[in-house]
Structures are given as C-alpha cells and as structure tokens.
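As a plain string of letters, each chain reads:
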Amino acid sequence: MLGAALLCMVLQMNISPVALARIYEEDFKQDMAALKVLPPTVYMRVTENIPQIISFIKTIIANGQAYATSRGNVYFDVKSWGERYGVLTAISPDTQDEAGNYCYSAVFGKQLDIHSGGIDLAFPHHENEIAQCEVYHQCEQWGNYFLHSGHLHVKGSQEKMSKSLKNYITIKDFLEKFSSDQFRMFCLRSRYSSAVEFSDETMNDAKHLLQAISSFIRDANAYIKGQLVCDPVREDILWERLASTKVNVKAALADDFDTSRAVAAIMDLVHHGNRQLKAVTKVAAGGGNAALLSNVMDELVGFRTKVRNYALAVPEAADAVQTEEGAAGSKGPKQEQKEKRQKLMQERKPLLEACDGLRGNLAAFGIHIKDRSAVSTWEIVEGGRVEQQTEKKS
C-alpha cells in the first residue's frame, strides 16, 4: 500500500508509483556514489519479487508455522516456534506477527554470515526475520552475526536524526562542507553500536585527525626522499611501535569492531613518528633553539588568539543604535541587530575554521593549543612530559 504522502506525490507528478520509486532510488545511488560507497552486487526490489514472496509465505504455512485469517492476512505463529523464538533479543514468544517478505532469502540461501541494521530493528523485525527464515529453510541457525548500529543524533538532541522529525541534513548539503573521508573518520571514532552525536565540532575533530595523518605521511615521504632534515630516525623503535600498533588494532577490531580504539592506536603511532621526524629547523632540544621555538609559538598563538577573538566578537551595541530610526521600518531594531550579527558571524566563520585548522596541524607535531576564554595556552607533549606556556596578553 502507498502511504498518503507518496500517493499525493504520485497524483501531483502524474507518474506511476514505480517511476516515483525509481526517482528516489537513483537519488540514493547518487548519494552513495558521492560518499564513495561501492554499489551492492544486486538490488532486491519487492515489486520485482512478488512471486518469490508468495512462495516464501506458502512454505511457512505448509510447515505449520503460519496461518491465514478470514480477512486474508497471513500471520506467523510465534508460539509454534517455542524457545527458539527470541534468540536475538530474549523476547518471550507471546505475540504474533505478519509473515514477512524476505525475498533476499532466495539470494543468500539458508546461511547468512553477517546481518546489519539499526538498533531499532532488532525487535521485532530481525527477531521475526530469524524465525521465519529458519522455518522456511528448516535450518538451525540462519544468521551467524547481527550488527546493530546506534542512531545518529543532532548535537543537543535525544532524538535520532530522521526525515519525519525534520532534524536531518542531506548528504548533498553535508558534502558541501565536509568530505566522504572525513565522514568515515567521524564514524570510526565511535563504536558502531553506540549513538553518535553529529555537530560541526565533532566533524572538525575528525577532520583534524585526517590532517594529522596526512601531515605525517607527507613528512615520512619527504624523509625517505632526503627532503626533511632531522635527527637520525631510530628505526628499531619504529619497527617495534609498528608491530605493537598492529597487535592493538587487531585486538580492537576483534573486540566487536571497536574502531575507536583502533583509531587511537594508529594515532599513537603517528604521534610517535612525528616526534622522530621533527625537522631540526622546526624543533631542537635545549639551548637557544628551544627558546626561539618558545618565542615563535608565543607570537603565533598570540596572533591566532587575536584573530579568533575578532571572529567571535559580538558586534557592539553602537552598530545597532538606530532604535529611533528603525522603529518606523518594517523590522524592529532588535531584529535588524540580530540579522546584522548573524551576517557578520557568517562572514567571519572562515577565520574560525582557519584557527581550528592551525590547531589541528600543530597537534600532529605534539603542540597542543587550548582556548580559554579571551586567552589561549599552548603546550608540548613529548614522552609524557608537558611544557606549558600561556599566551601573553598584548
């Protein structure tokens, strides 16, 4: 059956339901291609598999695990499956459900290795899917593993991002600001089973991690080509760290795909590599060079702070002191002030992004900038030792 909204669209556009479905399908394919997601081997469309669905349901009825009502509906007899019902979610077999349309069972057969989906599909959808497919195939275990992903939330909201709640961002809009690789890093930083909070801040964190990795790879290639002047690299330590990282990454992924821990292990390796690849012209241990570095960092962080404070500054009240004049206009003075402030903040947004980018780039070399109200601090983290400086007020 068509939903009311889809039916209205079909009538307004004067096209068939199938044609409307193809429009959305192609839009989905384009979004996936833009995210660099490989297409599936086969697309299973319900409308093209009605005979297979009918055959699936008839087989379940013939096996004595489903029954038809006087209204023509077919229900799966949950209680007939006994203790085997509820293996996924430990739900008692005291309910009923309509027989499903698992047409893809014809593709995967009686054994499926990994099945994924949102956490909200665990029950009743996946629970019933397991029961009905095992009845159809007469097998002991149809699916080996079920991976249920957490929901995507907008920052500050307890509700998942969804079209019905109108609290979503389209993939096309997202890709105007961030890249597909940045989205991947954003996802990898959390367990797949956990709820994830989406915001510009969390996306910028993911962006900075990728920048740190890219910076390390560039420096490593420069060192290999003899273009980076630095102290001799301790290859024995690097090999030891690499071996340790491989073990840690494998252990993290074996622990229910804990990608967050795997990323942390890789970033530890990157930070160690950066410490070994420090160019002597950038950082040198002790003496006048250390003092020079401190002075340069003071100036750099001080300049960044001034830029950041300017970008964050709320326009002075004098900018909107047109209360008397604006009262007669179509907009009140407060509204005009608000719009002017929003426009200025939008114009200054690239300055904030540049400040964040600089902080991310320096973090790749163990130099951490922390913004504290109107001032900023910086510190060098190396070998567990922290050297901290405070940006001097001008």
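Since the model is a prediction, treat every value here as computed from it, not as a measurement. (Residues numbered from 1 in each chain as written. Predicted model: local features only at pLDDT ≥ 70, side-chain atom pairs only at ≥ 80, totals over all residues. Heavy atoms only, no water.)

## Comments concerning the nonpolar core
Generally speaking, nonpolar side chains in soluble globular proteins are found buried as a group. Ile60, Phe76, Trp81 and Trp142 are the most contacted members of the largest nonpolar core, which totals 20 residues. Contributing elements (two or more residues each) for this core: α3 (50–62), β2 (74–76) and α5 (122–137). The residues contacting isoleucine 60, other than those within four sequence positions of it, are Gln65, Ala66, Phe76, Gln132, Val135 and Tyr136. Judged by nonpolar contacts, the second largest core, of 15 residues, contains Ala206, Leu209, Met267 and Val270. (Core = buried A, V, L, I, M, F, W, Y, C linked by side-chain atoms within 4.5 Å. Buried < 20%, exposed > 50% of the residue type's maximum accessible area, 1.4 Å probe, protein only. Helix = DSSP H or I, 4+ residues; strand = E, 2+ residues; numbered from the N terminus. Contact = heavy atoms within 4.5 Å.)

## Some details on the packing of helix α9 (residues 235–254) against helix α10 (residues 259–276)
Remark: α9 packs on α10, axes separated minimally by 7 Å, with the N-to-C direction vectors making an angle of 170°. Taken together, the axes of α9 and α10 lie roughly antiparallel to each other. Residues Ile237, Leu238, Arg241, Leu242, Thr245, Asn248, Val249, Ala251, Ala252 and Leu253 of α9 touch α10, and the partners they reach there are Thr259, Arg261, Ala262, Ala265, Ile266, Leu269, His272, Gly273, Arg275 and Gln276. By residue class, the composition of the contact of α9 with α10 is 11 nonpolar, six polar and three charged. (Axes fitted to C-alpha atoms, helices over the stretch in contact; angles between N-to-C directions. Parallel < 35°, antiparallel > 145°, perpendicular 65-115°, else oblique. Nonpolar A, V, L, I, M, F, W, Y, C, P; charged D, E, K, R; others polar.)

## Describing the packing of aromatic side chains
In the structure shown here, the tally under the stated rule is seven aromatic pairs. Look at phenylalanine 186 and phenylalanine 198: their rings are 5.9 Å apart centre to centre, the planes differ by 85°, and that puts the pair in the edge-to-face class. Here phenylalanine 186, found in helix α7 (residues 180–188), pairs with phenylalanine 198, found in strand β7 (residues 196–198); they are 12 residues apart in sequence, far enough to count as distant. Comparing phenylalanine 186 with phenylalanine 198 shows no difference in burial state: the two are buried. Here a set of aromatic residues connected by ring pairs shows up, and it is made of Phe174, Phe178, Phe183, Phe186 and Phe198. Over the aromatic face of tyrosine 43 sits the side chain of lysine 29, whose NZ or CZ is 4.4 Å from the ring centroid. Looking at arginine 348, its charged tip hangs above the ring of tyrosine 310, at a distance of 4.2 Å from the centre. (Phe/Tyr/Trp six-rings, centres within 6.5 Å; stacked < 30°, edge-to-face > 60°. Lys NZ or Arg CZ within 6 Å of the ring centre and 35° of its normal.)

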